Amino acid sequence: MNDEHNHMLTIIDFMKTGHNTYFVKVVGFDADAEREFEGEVKFVQGMPFGDLIHPQRSYLSSTCREFVRENLINRYDTCQFN
């Protein structure tokens, strides 16, 4: 069994609104489910929210959901949305 996942994530657009809130639009590929996806994640005070990364609401595989969440947090923490 190959544990390597080849999930992909691309930032399509992002927008900063008042009070340090960011909306980030993404597209990508869920390697486990073998399908493309798109969605939006909202950052409020540095924390990501949205159905795309929510454990019970996301239609992504669990590994892809975590990949997306960690990737976005890393990008936020390195100021890539400024």
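Residues numbered from 1 in each chain as written. Predicted model: local features only at pLDDT ≥ 70, side-chain atom pairs only at ≥ 80, totals over all residues. Heavy atoms only, no water.

**Q** Give me the sheet that holds strand 3 (residues 35-44): which residues, what numbers.
**A** One open sheet holds the four strands; their spatial order is 1-2-3-4, and the pairing between them is antiparallel. The sheet is open, and its two borders are formed by strand 1 (8-17) and strand 4 (47-49), each paired with just one other strand. With direction set aside, neighbouring strand axes in the sheet form an average angle of 25°. Alignment of strand 3 against strand 4, held across three bridges, turns out to be antiparallel. (Pairing = 2+ DSSP bridges. Helix = DSSP H or I, 4+ residues; strand = E, 2+ residues; numbered from the N terminus. Axes fitted to C-alpha atoms, helices over the stretch in contact; angles between N-to-C directions.)

**Q** How would you explain the environment of Y59 if you had to name every residue and give the values?
**A** By secondary structure assignment, the location of Y59 is in the loop between strand 4 and helix 1 (62-77). A sequence separation of 29 residues divides Y59 from D30, and the C-alpha atoms of the two residues are 9.9 Å apart. Discounting chain neighbours no more than four positions away, the residues touching Y59 are R35, F37, E38 and L52. A distance of 2.9 Å separates a polar side-chain atom of Y59 from the backbone oxygen of E38. (Contact = heavy atoms within 4.5 Å. Polar contact = N/O pair within 3.5 Å; in protein donor to acceptor, adjacent residues only side chain to side chain.)

None of this, on its own, says anything about what the molecule does.
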